[in-house]
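The residues making up each chain are set out below.
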Amino acid sequence: MVEAQATIRGAEAADFSTIADLINSSFEIERSYIYEPPETQNSVATAMESGTYFVAVGSHGDLIGCVYVNPRLRGIFRLAVAIAQRSQGYGRRLMAEAESYGKDARWPEVMIGILDFRQELLPYYRTLGYVEKELPRDLALQPPAHIIRPCQLIMMSKNLSVISLSPEGVGL
């Protein structure tokens, strides 16, 4: 794996259109299973009202990837990396930034969900420390989104609690 050379930062309004394009292209593989309205600059702005996007920005200012964190759900969603930039560590760095957000907020764990037909994602998230939280369940969507082909949602979680073994953390 080539080392990722990018800056990870919180998304800004100027990024919203590019984030929408990146998500739409990254999640195209799911379109034969589920229909969701495409992301737009406005839908990204609306999501930012209840959470935050982190973005990976290349040395030339190009947006390479993004990930969404929803504090109310204590979850990480919509990890997307430009196809030409995959397998270079950008996804790992974005996930680490999203997890740091959860740690700073003192979440005991963080949740993610993947669809069962995306089997390549299971080993990826396992290497990041995620484990299946429950048995897969049928995917339920809110209109106008709908299921085209049956699929199941696999919930995974990662413990974010930090246990200190130093004398200061033990309360001596």
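Preceding block: the structure.
For clarity, every value in this text was computed on a predicted model and none was experimentally measured.

Rules behind the numbers
Residue numbering note: each chain is counted from 1, following its sequence as written. Since the coordinates come from a predicted model, pLDDT governs what is reported: local features require at least 70, and pairs of side-chain atoms require 80 or more to be given and counted, while whole-chain, interface and lining totals use all residues. Each side-chain value is derived from all of the structure's non-hydrogen atoms; neither hydrogens nor water enter the calculation. The rule for a salt bridge is simple: a side-chain nitrogen of Lys or Arg has to be within 4 Å of a carboxyl oxygen of Asp or Glu. When accessible area is computed with a 1.4 Å probe and restricted to protein chains, residues below 20% of their type maximum are described as buried, those above 50% as exposed, and intermediate ones as partly exposed. Within 6.5 Å between ring centres, the rings of Phe, Tyr and Trp (the latter by its six-membered ring) count as paired, and their orientation is classed by plane angle as stacked under 30 degrees, edge-to-face over 60, tilted in between. We count a stretch as a helix when DSSP gives it H or I for four or more residues in a row; a strand needs E for two or more, and each element gets its number in order from the N terminus. Two residues qualify as a contact provided that any one of their heavy atoms is within 4.5 Å of a heavy atom in the partner residue. By definition, two strands form a pair when at least two bridges between them are found by DSSP. To define a nonpolar core, start from buried Ala, Val, Leu, Ile, Met, Phe, Trp, Tyr and Cys residues and group those joined through side-chain atoms within 4.5 Å.

1. Regarding the pattern of salt bridges
- This model, assessed by the stated rule, comprises 11 salt bridges.
- Salt-bridge contacts for Asp15 lead to Arg9; the nearest nitrogen and oxygen are separated by 2.7 Å.
- Look at Asp15 and you get buried, because its relative accessible area is 10%.
- Among the salt bridges present, the one from Arg118 reaches Glu120, with a minimum N-O distance of 2.7 Å.

2. A few points about the packing of aromatic side chains
- This model, assessed by the stated rule, comprises six aromatic pairs.
- For the ring pair Tyr124 and Tyr125, a centre distance of 5.1 Å and an interplane angle of 75 degrees mean the geometry is edge-to-face.
- Using a relative accessible area of 24% as the deciding quantity, one classes Tyr124 as partly exposed.
- The class of Tyr125 is buried, set by a relative accessible area of 9%.
- A centroid spacing of 5.9 Å and a plane angle of 80 degrees characterise the contact between Tyr125 and Tyr130, whose relative ring orientation is edge-to-face. Take Tyr125 and Tyr130: they sit in the same class, and that class is buried.
- In this structure an aromatic cluster arises from ring pairing among Phe54, Tyr101 and Trp107.

3. Observations concerning unusual backbone geometry
- Between Pro143 and the following residue, Pro144, the backbone shows a cis peptide bond with an omega angle of 15 degrees.
- Secondary-structure assignment places Pro144 in the loop between β8 (137–138) and β9 (146–147).
- One non-glycine residue, Arg74, lies in positive phi territory at about 50 degrees.
- Tracing the chain through its elements places Arg74 in the loop between β4 (63–70) and β5 (75–81).
- Arg74 sits in the partly exposed class, given a relative accessible area of 39%.

4. Looking at the environment of Ala82
- By the secondary structure assignment, Ala82 is in the loop between β5 and α3 (90–104).
- Excluding residues within four positions of it along the chain, Ala82 makes contact with Leu22 and Ile64.

5. Regarding the pairing of strand β6 (residues 109–115)
- Judged by how many residues are buried, β6 sits mostly within the fold: five of seven residues are covered.
- Bridge analysis of β6 against strand β10 (residues 152–159) gives seven bridges, and the strand direction is antiparallel. For Gly113, the partnering residue across the bridge sits in β10 and is Met155.

6. Describing the nonpolar core
- Counting residues in each nonpolar core, the largest one holds 26 residues, and the members touching the most others are Val67, Ile76, Leu94, Met95, Tyr125, Tyr130 and Met156.
- Looking at this core, the elements with two or more residues in it are β3 (52–57), β4, β5, α3, β6, α4 (121–127) and β10.
- Broken down by element, the residue count for this core peaks at four residues, all from α3.
- Beyond its immediate stretch of four places on either side in the chain, Met95 contacts Val67, Ile76, Leu79, Ile112, Tyr125, Leu128 and Tyr130.
- Of all hydrophobic cores here, the second largest spans 16 residues; its members include Ala11, Ala20, Leu22 and Ile23.

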